[in-house]
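Descriptive analysis of the structure
Residues per chain, in single letters:
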Amino acid sequence: MTLLTVNSARCVAFVSTGGSKASVLKEVLEGREGPAFPAARVVPTQGELFWLVDDPAAASLTIQVERFDLGPKL
(Lines give C-alpha, C1' and ligand atoms only; values in the text may rest on other atoms or scores of the structure.)
Protein backbone atom coordinates (compact mmCIF):
# COMPACT_ATOMS: atom_id res chain seq x y z
CA MET A 1 0.00 0.00 0.00
CA THR A 2 1.41 3.39 -0.92
CA LEU A 3 1.55 6.49 1.26
CA LEU A 4 -0.85 8.19 -1.16
CA THR A 5 -3.37 5.39 -0.62
CA VAL A 6 -3.02 5.47 3.16
CA ASN A 7 -3.37 9.27 3.26
CA SER A 8 -6.55 8.97 1.16
CA ALA A 9 -8.22 6.69 3.72
CA ARG A 10 -11.21 7.79 5.78
CA CYS A 11 -9.63 6.46 8.95
CA VAL A 12 -6.09 5.41 9.79
CA ALA A 13 -5.18 3.82 13.12
CA PHE A 14 -1.80 2.90 14.55
CA VAL A 15 -1.40 0.64 17.57
CA SER A 16 1.75 0.76 19.66
CA THR A 17 2.24 -1.14 22.89
CA GLY A 18 5.09 -1.71 25.28
CA GLY A 19 7.96 0.32 26.62
CA SER A 20 10.29 -0.83 23.85
CA LYS A 21 8.25 1.36 21.44
CA ALA A 22 8.52 4.54 23.55
CA SER A 23 11.57 6.10 21.88
CA VAL A 24 10.38 5.41 18.31
CA LEU A 25 6.86 6.61 19.11
CA LYS A 26 8.33 9.85 20.48
CA GLU A 27 10.34 10.36 17.28
CA VAL A 28 7.31 9.68 15.07
CA LEU A 29 4.92 11.96 16.96
CA GLU A 30 7.29 14.71 18.11
CA GLY A 31 9.76 14.77 15.24
CA ARG A 32 13.40 13.78 14.95
CA GLU A 33 16.62 14.81 13.34
CA GLY A 34 17.17 13.26 9.95
CA PRO A 35 14.65 11.44 7.79
CA ALA A 36 11.22 10.82 9.26
CA PHE A 37 9.90 7.34 9.87
CA PRO A 38 7.24 6.40 7.29
CA ALA A 39 4.53 6.52 9.97
CA ALA A 40 5.33 10.20 10.57
CA ARG A 41 4.37 10.91 6.96
CA VAL A 42 0.84 9.56 7.41
CA VAL A 43 -1.46 12.57 7.42
CA PRO A 44 -4.89 11.71 6.02
CA THR A 45 -6.06 14.42 3.64
CA GLN A 46 -9.73 14.17 4.62
CA GLY A 47 -9.83 11.35 7.14
CA GLU A 48 -9.04 10.76 10.77
CA LEU A 49 -5.79 9.55 12.31
CA PHE A 50 -5.76 7.66 15.60
CA TRP A 51 -2.84 6.49 17.71
CA LEU A 52 -3.82 3.77 20.18
CA VAL A 53 -0.96 3.41 22.65
CA ASP A 54 -0.58 2.03 26.14
CA ASP A 55 1.09 3.89 29.02
CA PRO A 56 4.51 2.22 28.59
CA ALA A 57 4.63 3.16 24.89
CA ALA A 58 3.58 6.75 25.69
CA ALA A 59 6.01 7.14 28.60
CA SER A 60 8.54 9.30 26.70
CA LEU A 61 6.02 11.63 25.07
CA THR A 62 6.06 15.28 26.06
CA ILE A 63 2.99 16.18 23.99
CA GLN A 64 -0.41 16.07 25.64
CA VAL A 65 -2.23 12.78 25.14
CA GLU A 66 -5.87 11.98 25.73
CA ARG A 67 -6.34 9.09 28.10
CA PHE A 68 -9.44 6.95 28.29
CA ASP A 69 -10.59 5.03 31.32
CA LEU A 70 -11.60 1.61 30.12
CA GLY A 71 -12.97 0.61 33.50
CA PRO A 72 -11.78 -2.28 35.62
CA LYS A 73 -9.28 -4.68 34.12
CA LEU A 74 -10.30 -8.28 33.78
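A brief report on the enclosed structure follows. Model, not experiment: these values are computed from the prediction.

The rules we used
Residues numbered from 1 in each chain as written. Predicted model: local features only at pLDDT ≥ 70, side-chain atom pairs only at ≥ 80, totals over all residues. Heavy atoms only, no water. Helix = DSSP H or I, 4+ residues; strand = E, 2+ residues; numbered from the N terminus. Buried < 20%, exposed > 50% of the residue type's maximum accessible area, 1.4 Å probe, protein only. Contact = heavy atoms within 4.5 Å. Areas by Shrake-Rupley, 256 points an atom, 1.4 Å probe, with all protein chains shown as cover. Lys, Arg positive; Asp, Glu negative; His and termini not counted. Charge placed at Lys NZ, Arg CZ, Asp CG, Glu CD.

In terms of regular secondary structure, the chain is built from three helices and two strands. Each helix and strand of the chain, ordered N terminal to C terminal, gives the series α-β-α-β-α. Along the longest, intermediate and shortest principal axes, the C-alpha atoms of the chain span 40 × 30 × 20 Å. In the chain, which comprises 74 residues, the proportion classed as buried is 16%. Taking as baseline every contact in the chain between residues at least 6 positions apart, the subset at least 24 positions apart corresponds to 83%. Counting only carbon and sulfur atoms, one obtains 57% of the accessible surface of the chain, whose full area is about 5900 Å². Charged side chains of the chain number 7 positive and 8 negative; the gap between the two group centres comes to 6 Å.

When you line up the elements, N7 lands in helix α1 (residues 3-7). Residue class for N7 comes out buried when judged on its relative accessible area of 12%.

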